[in-house]
Amino acid sequence: MINIQDKVVVIMGASSGIGEATTRKLAEEGAKLVIAARREERLEAIANALPSADISIAVADVTKEEEVQAVIDLVIEKHGRVDVPI
């Protein structure tokens, strides 16, 4: 498996399903995560369930280009790069 430790990962659609499962797995592996979706309360619940993980949340609708760009801008501001977009 590829070492994901300290890689900056952006996960769109992270509030449920595959996005949530991916968030949990990558958090266990030590990735720096920015998770985004429309449901802020779900994102907060996921982040709160993983207190030792480096997780930032952003509310965004993937169908709206300006909201996706705002997520990327947040990642660049916080981490300086995006290693893995999902």
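Everything discussed here concerns the structure shown above.
Residues numbered from 1 in each chain as written. Predicted model: local features only at pLDDT ≥ 70, side-chain atom pairs only at ≥ 80, totals over all residues. Heavy atoms only, no water.

**What about the overall build of the protein chain?**
(1) Moving on: When helices and strands are counted, the protein chain shows 3 helices and 4 strands.
(2) Moving on: For the protein chain, the proportion of its 86 residues judged to be buried stands at 36%.
(3) Moving on: Accessible surface for the protein chain amounts to roughly 5,100 Å². Of this, 50% is attributable to carbon and sulfur atoms.
(4) Moving on: The averaged location of the 15 negative side-chain charges in the protein chain is 5 Å from the averaged location of its 10 positive side-chain charges. (Helix = DSSP H or I, 4+ residues; strand = E, 2+ residues; numbered from the N terminus. Buried < 20%, exposed > 50% of the residue type's maximum accessible area, 1.4 Å probe, protein only. Areas by Shrake-Rupley, 256 points an atom, 1.4 Å probe, with all protein chains shown as cover. Lys, Arg positive; Asp, Glu negative; His and termini not counted. Charge placed at Lys NZ, Arg CZ, Asp CG, Glu CD.)

**Quick notes on the pairing of strand E3 (residues 54-59)**
(1) Moving on: Here 6 bridges tie strand E2 (residues 32-37) to E3, and the two strands are oriented parallel to one another. Bridge pairing in E3 links Ala36 to Ala58.
(2) Moving on: Considered for its hand, the β-α-β crossover made up of E2, helix H2 (residues 40-49) and E3 is right-handed. (Pairing = 2+ DSSP bridges. Right-handed = clockwise from strand over helix to strand, strands pointing away.)

**A word on the side chain of Thr23**
(1) Moving on: Looking at the element boundaries, Thr23 is found in helix H1 (residues 17-28).
(2) Moving on: Relative accessible area serves as the criterion here: at 0%, Thr23 is assigned to the buried category.
(3) Moving on: Beyond its immediate stretch of four places on either side in the chain, Thr23 contacts Ile11, Ala14, Leu33, Ile35, Ile46, Leu50 and Ile55. (Contact = heavy atoms within 4.5 Å.)

**Concerning the sheet that holds E2**
(1) Moving on: Read from one edge of the open sheet, 4 strands run E3-E2-E1-E4, paired in parallel fashion. The open sheet terminates on both sides in strands that have one partner only, identified here as E3 and strand E4 (84-85).
(2) Moving on: In the packing of H1 onto the sheet, the strands contacted are strand E1 (8-12), E2 and E3, and the crossing angle to E1 comes to about 165°. (Axes fitted to C-alpha atoms, helices over the stretch in contact; angles between N-to-C directions.)

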